[in-house]
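Fold and contact review
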Amino acid sequence: MRKTTSRVLWILVGVLLVITGIACSAHPAATLGSLAILLGIAMLFSGVVDLVIFATARDAMYGSGWFLLDGVLTILLSIFILGNAAFTMVSLPFIVGMWLVFSGTSRMVNSFDLRRMGVKGWGWFTGAGVVLMIAGFISFLYPVAGALILTWLVGFLLILQGVASILRGGLAHRMWIP
């Protein structure tokens, strides 16, 4: 698995996250009952893709260790979410916040690797990383938000995370060591 497969997987993960985010925003009442499961599955898939890409291309990509870290943390959070749905509903703002801070940090650090390589468009990764980290911190600061607002917030953040993954897929060809 190399460049094309990695790009397709990142774009596929991004599309899945965007679709999940749209579903959360469009159907908040129905989403409340299954939010933990939707979020857990989307995060699990995202983490597995990062691990697969790391395992198959770690020597051929700049900053591949960040994919490993992001993948492992995302999988651990997804397992926690899927295994503790009732607790997850109470602690969802903190779990989502943690995921966004970790993923945002990973994206931002990866953008600096791209900048060092002279890749055009590296600033999009920096911007996406900063926005994800800010969203994560906001999620920590206001955990008592109403359930309806929470589903819309999660929907928006999943869309943002999906767009960041699609951007990663679109720029993946620039991240490979020649």
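One can find the structure itself at the top, above this paragraph.
Note that the structure is a prediction, hence the values are computed from the model and not measured. (Residues numbered from 1 in each chain as written. Predicted model: local features only at pLDDT ≥ 70, side-chain atom pairs only at ≥ 80, totals over all residues. Heavy atoms only, no water.)

Overview of the pattern of salt bridges
All told, the structure shown has 3 salt bridges when counted by the stated rule. Put simply, Arg107 and Asp70 hold a salt bridge, and the shortest N to O gap is 3.2 Å. With Arg107 in helix H4 (residues 85-116) and Asp70 in helix H3 (residues 64-83), the pair connects residues that are 37 residues apart, well separated along the chain. Here Arg107 matches Asp70 in class, with each residue buried. Of the charged contacts, one joins Arg116 and Asp113 as a salt bridge, the two residues approaching to 2.2 Å between their closest N and O atoms. Placement of the pair is Arg116 and Asp113 together in helix H4, with a separation of 3 residues, close to one helical turn. (Salt bridge = Lys/Arg side-chain N within 4 Å of Asp/Glu carboxyl O. Helix = DSSP H or I, 4+ residues; strand = E, 2+ residues; numbered from the N terminus. Buried < 20%, exposed > 50% of the residue type's maximum accessible area, 1.4 Å probe, protein only.)

Quick look at the nonpolar core
Membership of the largest hydrophobic core comes to 32 residues, with the highest contact counts inside it found for Trp10, Leu39, Val96, Trp99 and Leu158. At the level of elements, helix H1 (3-26), helix H2 (28-57), H3, H4, helix H5 (122-141) and helix H6 (147-171) are the ones that each hand at least two residues to this core. A per-element tally of this core places H2 first, with 9 residues. For Leu158, the contacting residues outside a window of four places in its chain are Leu17, Val18, Thr20, Gly21, Cys24, Leu39 and Trp99. (Core = buried A, V, L, I, M, F, W, Y, C linked by side-chain atoms within 4.5 Å. Contact = heavy atoms within 4.5 Å.)

Considering empty space enclosed by the protein
If you walk through the whole model with that rule in mind, you get 1 cavity of 30 Å³ or more. The space that makes up the largest cavity amounts to roughly 40 Å³. In terms of lining, the largest cavity is formed by Trp10, Val13, Ser46, Val49, Asp50, Asp70, Arg107, Ser165 and Arg168. When contributions to the lining of the largest cavity are tallied by element, the ones reaching two or more residues are H1, H2 and H6. Sort the elements by how many residues they give to the lining of the largest cavity and H2 lands first, with 3 residues. (1 Å grid on protein atoms, 1.4 Å probe; cavity = no way out; pocket = protein on both sides within 12 Å on 5 of 7 lines; lining within 4 Å. Points joined across faces, edges and corners; volume = space filled by probe spheres on them.)

A few points about the environment of Phe80
Structurally, the position occupied by Phe80 is in helix H3. With a relative accessible area of 32%, Phe80 lands in the partly exposed category. In this structure the C-alpha to C-alpha distance between Phe80 and Ala36, which are 44 residues apart in sequence, comes to 9.9 Å. Contacts of Phe80, omitting those with residues within four sequence positions, involve Phe87, Thr88 and Ile95.

Concerning H5
A turn of α-helix holds 3.6 residues, and therefore any two residues three or four places apart point the same way. Spanning 20 residues, H5 covers 29 Å between terminal C-alpha atoms, matching the ideal 28 Å at 1.5 Å per step. Considered for burial, the residues of H5 that qualify are Phe125, Thr126, Ala128, Gly129, Leu132, Met133, Ala135, Gly136 and Ser139. (Expected span 1.5 Å × (residues − 1).)

Quick notes on the side chain of Asp70
A residue is classified by how much of its surface remains accessible, and Asp70, at 3% relative accessible area, is buried. At a separation of 3.2 Å, a polar atom in the side chain of Asp70 contacts the side chain of Ser103. (Polar contact = N/O pair within 3.5 Å; in protein donor to acceptor, adjacent residues only side chain to side chain.)

Remarks on the packing of aromatic side chains
The final tally for this structure, using the stated rule, is 0 aromatic pairs. Here the guanidinium or amino end of Arg115 rests over the ring plane of Trp122, the centre of that ring lying 5.4 Å away. (Phe/Tyr/Trp six-rings, centres within 6.5 Å; stacked < 30°, edge-to-face > 60°. Lys NZ or Arg CZ within 6 Å of the ring centre and 35° of its normal.)

Here we look at the packing of H3 against H4
At a minimum axis separation of 10 Å, H3 and H4 run at an interaxial angle of 175 degrees. On the basis of their axis angle, the class for H3 and H4 is roughly antiparallel. Residue-level contacts link Trp66, Phe67, Asp70, Leu73, Thr74, Leu77, Phe80, Ile81 and Gly83 of H3 to Ala85, Phe87, Thr88, Ile95, Met98, Trp99, Phe102, Ser103, Ser106, Arg107, Val109 and Asn110 of H4. Among the residues forming the contact of H3 with H4, the class breakdown is 13 nonpolar, 6 polar and 2 charged. (Axes fitted to C-alpha atoms, helices over the stretch in contact; angles between N-to-C directions. Parallel < 35°, antiparallel > 145°, perpendicular 65-115°, else oblique. Nonpolar A, V, L, I, M, F, W, Y, C, P; charged D, E, K, R; others polar.)

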